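# Structural overview
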Amino acid sequence: MPLDLRGARILVTGASSGIGRSLALALAREGARLALLARRMPLLESLRDEIVAAGAQAPLLLGADLGEPGAGRQAALEAEAALGGIDVLVNNAGMSITVPQHLAGDSAEARRLFETNYWSPLALVAALTPGMRQRGQGVVVNVTSTLQAVPMPQVGYYCASKSALSRATQVMRHELRDHGIRVMEVVPGGTDTETRQQDEDLPLRPGKKLPKPPLASPTDSARAIVRGLKGQAQRVVYPATSLLPLEIPVTGRLIGRLAAGIIDAGAG
């Protein structure tokens, strides 16, 4: 049956900007009861004011840093207690760093990235799926990236963390299928968000410039996610052109090789 978002209790992480912010606004228009999580409370408060001004119910705001171990589980329990349960979890929060893996190794910054992009989403799932199982229904949404299929120099930690979350999402789908819980992966392609700032930080080879392909808007990405939620999708890829490296892996490897000719892959 199609998912009715009106009155649905939804927790969205990384809600202060980008896709998360646009998704919160779209879900509020659908009549959802929202819990919004992010590090930057002033931005969350501004978002709450915009939601209320549009005539929707004020969301619960949760200030938490998912780069800190334990923060995800604590926030999940707070949201569950405040709303009386969570029907839809959207693991959208993410971060990236620009550094060669062979130099950074398992640095504190690299571990923080994996905490944010991989371990915290799993912690949120583990905290909230028992309630979903008890009720016999629920939706888990994990936001990954097209870069899961592209070995992009200097952003390898981001690529690896999103690849890990994608595979974990596929496994979860099998594990939860008999409990009435749908697991949906959202795979954004190039999107006009703050993380695109990393392009400016990439060290380029002399005389080289990064191509600037058109970027999807967070608003359009949010609409695609809402359609996927309401339509019982298991995967949403937006824009559709981002399917290419996912379905034809040699394409992603080729993009990575071309990027290595532009980006100074070993610069540290």
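Residues numbered from 1 in each chain as written. Predicted model: local features only at pLDDT ≥ 70, side-chain atom pairs only at ≥ 80, totals over all residues. Heavy atoms only, no water.

### Structural notes on the layout of surface pockets
For the second largest pocket, the calculated volume is near 240 Å³. In terms of lining, the second largest pocket is formed by Leu3, Asp4, Ala8, Asp87, Val88, Gln137, Gly138, Val139, Gly180, Arg182 and Gln232. In the lining of the second largest pocket, the residues fall into 4 nonpolar, 4 polar and 3 charged. (1 Å grid on protein atoms, 1.4 Å probe; cavity = no way out; pocket = protein on both sides within 12 Å on 5 of 7 lines; lining within 4 Å. Points joined across faces, edges and corners; volume = space filled by probe spheres on them. Nonpolar A, V, L, I, M, F, W, Y, C, P; charged D, E, K, R; others polar.)

### Section: helix α3 (residues 71–83)
Over its 13 residues, α3 runs 18 Å from end to end, which matches the ideal 18 Å to within 8%, given 1.5 Å per residue. Ala71, Gly72, Ala75, Ala76, Ala79, Glu80 and Leu83 are the residues of α3 that are buried. In an axial view of α3, the angular spread of the buried residues amounts to 160°, which keeps them on one side of the axis. Residues of α3 that are buried make contact with β1 (9–13), β2 (33–38), β3 (60–63) and α5 (108–135). (Helix = DSSP H or I, 4+ residues; strand = E, 2+ residues; numbered from the N terminus. Expected span 1.5 Å × (residues − 1). Buried < 20%, exposed > 50% of the residue type's maximum accessible area, 1.4 Å probe, protein only. Arc of directions from axis to C-beta. Contact = heavy atoms within 4.5 Å.)

### A look at the packing of α5 against helix α6 (residues 156–176)
Where α5 contacts α6, the axes come no closer than 9 Å and their chain directions differ by 15°. Judged on the interaxial angle alone, α6 and α5 are roughly parallel. The two elements α5 and α6 cross, and the hand of that crossing is right-handed. Together, Ala110, Leu113, Phe114, Asn117, Tyr118, Pro121, Leu122, Val125 and Thr129 of α5 and Tyr157, Tyr158, Ala160, Ser161, Lys162, Ala164, Leu165, Ala168, Met172 and Leu176 of α6 make up the contact between the two elements. Within the contact of α5 with α6, the residues separate by chemical class into 15 nonpolar, 3 polar and 1 charged. (Axes fitted to C-alpha atoms, helices over the stretch in contact; angles between N-to-C directions. Parallel < 35°, antiparallel > 145°, perpendicular 65-115°, else oblique. Left-handed = near helix turned anticlockwise from the far one by under 90°.)

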